[in-house]
Amino acid sequence: MKLAEASKKEKTHLPEIFYEPDNSLKNGYFAMFAEIAKEIKNSRWLILQLFKRDLLATYKQSFIGIFWVIILPLVSVLTFIVLNHSGIFTVGQLDVPYPLFAVWGLTFWQTFSTGLLAASNSLVKAGSMVVKINFSKKALVIASASQALIPLAALTTLSFLLCLLYGFLPTMWIILIPILALPLLILLLGLGLILALLNGIIRDIGNILAMLITFLLFLTPILYPLPKGGSLARISLLNPLYYLINLPRDLILFGKSPHWTGFIWSSFAALLAFLLCLAAFHLTETRVAERI
Amino acid sequence: MLYGIQDISRNILGLGSRPGRLRPGEFWALDNASFNVQRGETLGIVGPNGSGKTTLLKILNGIFWPDKGHVRIQGKIGALIEVGAGFHPLLTGRENIYVNAAILGMTKKEVKGQFDAIVAFADIGDFLDAPVKHYSSGMYVRLGFAVAAHCQPDILLVDEVLAVGDEGFQRKCFDKIGELKKIGCTTIIISHNMHTISSFSDHVLLLDKGQAEHFQSPQDGIHGYNQLFFQQSDTEIDKNCSGNDSIQFVHVETSAKKLNPGDSFTFRLSYEAQHSFPDIEIDTAISNGSDSRLYFQATNRAFGRRIDINQGTGILEVTFKDIPLCQSWSKIILAIWSQKRTELLFWWRVPVEFRGQTYSSGRNLLNIEYQQEK
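Computed from a predicted structure; not experimentally measured. (Residues numbered from 1 in each chain as written. Chains lettered and ligands numbered in written order. Predicted model: local features only at pLDDT ≥ 70, side-chain atom pairs only at ≥ 80, totals over all residues.)

Trainee: Lay out the overall build of chain A in plain terms, naming residues and giving numbers.
Mentor: Along chain A, the regular secondary structure elements total 15 helices and one strand. Dimensions of chain A, computed from C-alpha atoms along their principal axes, come out at roughly 80 × 45 × 35 Å. Across the 292 residues of chain A, 42% fall into the buried class. Considering only contacts within chain A whose residues lie at least 6 apart along the sequence, 78% involve residues at least 24 apart. (Helix = DSSP H or I, 4+ residues; strand = E, 2+ residues; numbered from the N terminus. Buried ≥ 20, exposed ≤ 12 C-beta atoms within 10 Å, placed from the backbone. Contact = placed C-beta atoms within 7 Å.)

Below is the structure:
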């Protein structure tokens, strides 16, 4: 306790840091959220720098660079067009050309999957940094999750150009894309936080996730409309991703959507999941370095 | 891995992580390591490999949280646990300065203001705009230290990181540390170089197997550190002394291993030679115990002495006359070679302790005496 005496003697303006087992929950859950907000506010510049770093690093030493973002979804769309044409897979009656339907769906899907994968691998990828420098791990995950904005921007542009090519004008809802995609971004950030943490402890999480994402693309009605009946239709009605992706697409293509109720409920679910995951991350991030 | 899941589950549920209890397979990396450092002081941390030095630094930095006990720190911490830990190999030095500075907790304004100083300090020339993967390890460290040293910490933690830089850069780094100290920055430094420790530290923390001992005087700390190795030194002659089929050293005696300045030290070797060894070479040296720097080295040739070993038994005596060394832990080394150094016949390093106060004798020449008996 000599230290305590010493610090009493020397009253300074210097901020005091105190490390002790289990002191993250001392002030209760609500104070914790204030702490988190302050931490994120203070690390805005750090988040921007980390985001820029990832962006630069991903597309350096590559010929086509950022165009990789649109190549993967284009290949998926082309595959489905071929399957559709050869009759192996039928999408049924659509009010718009199928490629437009598919590419807008993939715009949002790719946003979600890119962000989620980047976020969940962020801590492991930065492992050596995490154990050698003390910095905000939340900033790291947020910066990685923000990678989702790149496919969002790139694919929106691509989809828009494709619409013009087909002589189909999207509705004015297109301007509101940042807001329409917000629940999806919140959900991916929440899931990204908790998956990053778990991946730090159990590496299997990363592998399972990579597999699961591919499955989920085919299990969610994104590249095809909701089936009329059957188990897939029933599952999809409980799948928040279905609403979070289909409502923006419907609005952009048709200006109206039957999914408003589902969308609002899913948004609440996304927000709740985000807050829970954020709290769990905050409580356990001091354990990350020793396990990574 | 299971412990990890267990730990985070307890944290989320707010159960407390049962501090102070070890599960099977766990151990205390640091235990009983209490100390405090005042503002503007420098603490040197020394200890053998694996004694918990870096763990301690990481706990002070908040990377690891203690499972027992507490850490209380006033002020902003700048840590150099590994320089350039946040560097991305594909980015250029310039880009990495910004990212690294942000990771180390600098604000945008601070980086803008310090950027030129960082570049000037790193002094890597045109490489600033090359990807850091093309950097030499020295350049990497230069840039890493330059960023860390300019984040204006109140407390600077330095792990043994500067060993890679060249002489000039090391001096620059120590100048910078001294400069920070002058403006009231507290420094905690880990080093295996006792010279660094003795020239910077106000006091010393000696770690051994996670246990810490705090010495108010750096000299005492260094003494304690050297003693660890002194005790570990091999005093078993059989293991060190060689000999071969044609010559056997049957008995080796040395004089007392605790010496006062001006004392002499004698090796007395009894041998059995199967044939004669004309014109052998006896290499004598005194080295610093901790970093193997030589205080003295010479062979019998330097003293103009020719020594032959004849067939049969005999005794060879080598005496270091009036050794003018003051307080230190040293090793006295004796090696015997056949003519033209074709064969090593005998080799032994004896740890000795020189006692007595620091003084300058004005002499630095040492005389060696050689005697042979039949």
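Anyway, onward from the coordinates.
Trainee: Help me get a handle on the domain arrangement of chain B, residues and values and all.
Mentor: Examined at the domain level, chain B breaks down into domain 1 (39-232) and domain 2 (237-373). Relative to domain 2 of chain B, the C-alpha centre of domain 1 of chain B lies at a distance of 41 Å. (Domains from an automatic or database assignment.)

Trainee: Help me get a handle on the interface of chain A and chain B, residues and values and all.
Mentor: Across the contact, 41 residues belong to chain A and 47 residues belong to chain B. Elements with a contribution of two residues or more to the side of chain A that touches chain B: helix H1 (2-9), strand S1 (16-19), helix H3 (44-59), helix H6 (127-130), helix H14 (260-284) and helix H15 (288-291) of chain A. For the side of chain A that touches chain B, the leading source of residues is H3 of chain A, giving seven residues. When its residues are assigned to classes, the side of chain A that touches chain B shows 22 nonpolar, eight polar and 11 charged. Looking at chain direction, S1 of chain A and strand S2 (residues 71-74) of chain B are connected through four bridges and run antiparallel. Pairing of Glu16 of chain A across the sheet is with Gln74 of chain B, part of S2 of chain B. (Nonpolar A, V, L, I, M, F, W, Y, C, P; charged D, E, K, R; others polar. Pairing = 2+ DSSP bridges.)

Trainee: Break down the sheet that holds strand S6 (residues 203-208) of chain B for me, with residues and values.
Mentor: Residue and element names in this part refer to chain B. Reading across the sheet, the six strands line up as S3-S4-S5-S1-S6-S7 and stay open at both edges, with mixed pairing between neighbours. Each edge of the open sheet is held by one strand with a lone partner, namely strand S3 (77-80) and strand S7 (211-215). Going from strand to strand, the sheet's axes swing by 15° on average, the running direction of each strand aside. As paired elements, S3 and strand S4 (residues 155-158) share four bridges and run parallel to each other. Each residue of the ladder has a partner; that of Gly78, found in S4, is Leu156. (Axes fitted to C-alpha atoms, helices over the stretch in contact; angles between N-to-C directions.)

Trainee: Go over unusual backbone geometry, please, and point to the residues and values.
Mentor: Residue and element names in this part refer to chain B. Phi is positive for Lys209, close to 50°, though the residue is something other than glycine. A positive phi is found at Arg341, a non-glycine position, where the angle reads about 55°. Here Arg341 is to be found in the loop between strand S15 (328-337) and strand S16 (344-354). Residue classification places Arg341 among the exposed residues on the basis of 12 C-beta atoms within 10 Å.

Trainee: Could you give an account of the pairing of S4 of chain B, naming the residues involved and the relevant values?
Mentor: All names here are of chain B. Burial of S4 is two-sided: the residues Ile155 and Leu157 facing one way and the residues Leu156 and Val158 facing the other way are all buried. As paired strands, S4 and strand S5 (residues 186-190) are joined by four bridges and run parallel to one another. Bridge assignment links Val158 to a residue of S5, and that residue is Ile189.

Trainee: Give a description of the packing of helix H13 (residues 240-254) of chain A against H14 of chain A that names residues and reports values.
Mentor: Residues and elements named next belong to chain A. Running from amino to carboxyl end, H13 crosses H14 at an angle of 120°, the nearest separation of the two axes being 8 Å. Between H13 and H14, the angle is such that the two are oblique. Both H13 and H14 take part in a crossing whose hand is left-handed. Listed contacts from H14 to Pro240, Tyr243, Leu244 and Leu247 of H13 are Trp260, Gly262, Phe263, Ser266, Ala269 and Ala270. Here the contact of H13 with H14 is built from residues that sort into eight nonpolar, two polar and no charged. (Parallel < 35°, antiparallel > 145°, perpendicular 65-115°, else oblique. Left-handed = near helix turned anticlockwise from the far one by under 90°.)

Trainee: If you had to explain the nonpolar core to someone new, which residues and values would you point to?
Mentor: Counting 144 residues, the largest nonpolar core has Leu188, Leu193 and Ile194 of chain A together with Ile45, Ala101 and Leu157 of chain B as the members making the most contacts within it. Here the element with the most residues in this core is helix H5 (residues 98-125) of chain A; it accounts for 14 residues. Apart from the residues within four sequence positions on either side, Leu188 of chain A is in contact with Phe112, Gly115, Leu116, Ala119, Ala145 and Ala148 of chain A. If you look at the next biggest cluster of nonpolar residues, it comprises 24 residues, including Ile247, Leu316, Val318 and Val352 of chain B. (Core = buried A, V, L, I, M, F, W, Y, C linked by C-beta atoms within 7 Å.)

Trainee: Run through H14 of chain A, naming residues and quoting values.
Mentor: Over its 25 residues, H14 of chain A extends 36 Å from the first C-alpha to the last, a length consistent with the 36 Å expected when each residue adds 1.5 Å. For H14 of chain A, the complete set of buried residues consists of Gly262, Phe263, Ser266, Ala270, Phe274, Cys277, Leu278, Ala280, Phe281, His282, Leu283 and Thr284 of chain A. Check the buried side of H14 of chain A and you find it contacts helix H2 (28-42), helix H7 (137-145), helix H10 (182-201) and H13 of chain A together with helix H1 (2-13) of chain B. (Expected span 1.5 Å × (residues − 1).)

Trainee: Describe the sheet that holds strand S10 (residues 265-273) of chain B, and please don't skip the residues or the numbers.
Mentor: All names here are of chain B. Strand order in the open sheet made by the four strands is S8-S10-S14-S17, with antiparallel pairing throughout. Looking at the sheet topology across the chains shown, the edges are occupied by strand S8 (247-254) and strand S17 (367-373). The sheet shows a mean angle of 20° between the axes of neighbouring strands, taken without regard to direction. Relative to S17, strand S14 (residues 312-321) runs antiparallel, the two being bridged by seven bridges. Looking across to S17, one finds that Phe320 is bridged to Ile368.

Trainee: Outline the pairing of S10 of chain B, supporting the account with residue identities and numerical values.
Mentor: Residues and elements named next belong to chain B. Sheet topology places S8 next to S10; seven bridges connect them, and they run antiparallel. For His251, the partnering residue across the bridge sits in S10 and is Ser270. Here nine bridges tie S10 to S14, and the two strands are oriented antiparallel to one another. Residue pairing for S14: Leu269 is matched across the bridge by Leu316.

Trainee: Kindly report on the packing of H5 of chain A against helix H8 (residues 149-165) of chain A, identifying the contributing residues and their values.
Mentor: Residue and element names in this part refer to chain A. Two elements in contact, H5 and H8, have axes separated by 9 Å at closest approach and are oriented at 175°. By the angle class used here, H5 and H8 are roughly antiparallel. Facing H5, whose interface residues are Pro99, Leu100, Val103, Trp104, Leu106, Thr107, Gln110, Thr111 and Thr114, H8 presents Pro151, Leu152, Leu155, Thr156, Leu158, Ser159, Leu162 and Cys163. Tallied by class, residues from the contact of H5 with H8 come to 11 nonpolar, six polar and no charged.

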